[in-house]
Amino acid sequence: MNIIQLTPGTGNFHCENCLHDSALVSALRDAGHNATLYPLYLPLITDEPLPGPTRELNMGGINIFLQDKLPGASKAPKWIKRLLKSESLLTFSARYTGMTRAHDLGKLTLSMLAGSEGRQNSEIQELIRSIREQDKPDVILLSNVMLSGLAESLKNEFKVPVICSLQGEDIFMDSLGDDYRELAWERLRDNADKIDHFVAVSDYYAKQMQTRLEIEPSKITVIRTGVRVADYDQRDFPPVVPAIGFMSRLIPDKGVEELIRAFIQLKSEEGFESLQLR
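None of these values were measured; they are calculated from a predicted model.

A. Looking closely at the sheet that holds strand E7 (residues 220-222). Reading across from one edge, E3-E2-E1-E4-E5-E6-E7 is the order of the 7 strands in this open sheet, with parallel pairing throughout. Among the strands making up the open sheet, the edge pair consists of strand E3 (58-60) and E7. Neighbour-to-neighbour, the strand axes of this sheet turn through a mean angle of 20 degrees, independent of strand direction. As paired elements, strand E1 (residues 2-8) and strand E4 (residues 139-142) share 4 bridges and run parallel to each other. For Leu6, the partnering residue across the bridge sits in E4 and is Leu142. Of the strands in this sheet, strand E2 (34-41) and E3 touch helix H2 (residues 61-69), which is tilted by about 60 degrees from E3.

Set out below in structure tokens:
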């Protein structure tokens, strides 16, 4: 089966979605499928080499941003657009301009969720052209529901199912400015009708997004995030020092403050005096 995975990058930090999608494409290829990763917006930062073949970055973040701010930017010459989506420039911009801060991206988010009706339709058409010339997909995977604005155009062009992962979008969406937050959720609910099926990473998140997107339970399947067990050695004995591990960005949205409070409480109890938080 020919499978295409569309994944937006962050450009300057490890993102759980990037790691998940890269590992998914590798696992699909190991299972005998012809799976291909398409990076979007900004370069993907992962802890392992990207699975090959990985296509050239599409819908470059600077071009997307300029088309939102400047009328006529979508008609810029192709050589300028190509220059503006160079990996080094995008990585630099992501590191120093806050291109992934939700609070500053309300208007742009609404435009992207509008798909072909938004200001970035020329970038969507360029993505479609790239897929048409390089791949013949049997199914298209979207990394998260914030890419749902692409679904209708992709389905019209390729006549294949579009499957969307559900993995942490609510944090970004709820961080949008007050003028855009509910409008964006309304657009997401409209876009959900154009998605053939959703895959959530947990029962909790499936139920939450089922309610917020107003979709039928039968339209969501839970597939928990896995690990490649062959990469790890099994211990025959417990660690000398018990430890709780936390692997994520150190920001309030990830619950790190609650974890620290729980750790302090647990460490004060008998038998856990040597507990560590890593």
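B. Here's a closer look at the packing of aromatic side chains. In total, this model carries 0 aromatic pairs according to the counting rule given. Sitting over the face of the ring of Trp185, Arg212 holds its NZ or CZ atom 4.0 Å from the ring centroid.

C. Representation of helix H11 (residues 256-267). Here H11 contains 12 residues, and its C-alpha end-to-end distance of 16 Å stays within 8% of the 16 Å for a straight helix at 1.5 Å per residue. For H11, every residue scored as buried is listed here: Val256, Leu259 and Phe263. In an axial view of H11, the angular spread of the buried residues amounts to 55 degrees, which keeps them on one side of the axis. Along H11, the residues that are exposed and aim more than 90 degrees away from the buried face are Arg261, Ile264 and Gln265. Buried-residue contacts for H11 involve strand E8 (243-244) and strand E9 (276-277).

D. Fine view of helix H1 (residues 16-30). The end-to-end C-alpha distance of H1, which contains 15 residues, comes to 21 Å, matching closely the 21 Å that a straight helix rising 1.5 Å per residue would cover. Those residues of H1 hidden inside the fold are in contact with E1, E2 and E4.

E. Broad picture of the pattern of salt bridges. Taken as a whole, this structure holds 13 salt bridges when the rule is applied. With its nearest N and O atoms 3.0 Å apart, the salt bridge here joins Asp135 to Arg55. Note that Asp135 is positioned in the loop between helix H6 (121-134) and E4 and Arg55 in the loop between E2 and E3, a separation of 80 residues in sequence. Taking relative accessible area as the criterion, Asp135 reaches 10% and is therefore assigned buried. Linked through salt bridges whose partners overlap, the residues forming this network are Glu126, Arg129 and Glu133.

F. Expanded view of a nonpolar patch on the surface. On the surface, Val227, Val229 and Tyr232 cluster together into a nonpolar patch covering about 360 Å² of accessible area. Residue class for Tyr232 comes out exposed when judged on its relative accessible area of 57%.

Cut-offs and rules
- Residues numbered from 1 in each chain as written.
- Predicted model: local features only at pLDDT ≥ 70, side-chain atom pairs only at ≥ 80, totals over all residues.
- Heavy atoms only, no water.
- Pairing = 2+ DSSP bridges.
- Helix = DSSP H or I, 4+ residues; strand = E, 2+ residues; numbered from the N terminus.
- Axes fitted to C-alpha atoms, helices over the stretch in contact; angles between N-to-C directions.
- Contact = heavy atoms within 4.5 Å.
- Phe/Tyr/Trp six-rings, centres within 6.5 Å; stacked < 30°, edge-to-face > 60°.
- Lys NZ or Arg CZ within 6 Å of the ring centre and 35° of its normal.
- Expected span 1.5 Å × (residues − 1).
- Buried < 20%, exposed > 50% of the residue type's maximum accessible area, 1.4 Å probe, protein only.
- Arc of directions from axis to C-beta.
- Salt bridge = Lys/Arg side-chain N within 4 Å of Asp/Glu carboxyl O.
- Patch = residues over 30% accessible without salt bridge, like charges linked within 9 Å, V, L, I, M, F, W, Y side chains within 5 Å.
- Areas by Shrake-Rupley, 256 points an atom, 1.4 Å probe, with all protein chains shown as cover.

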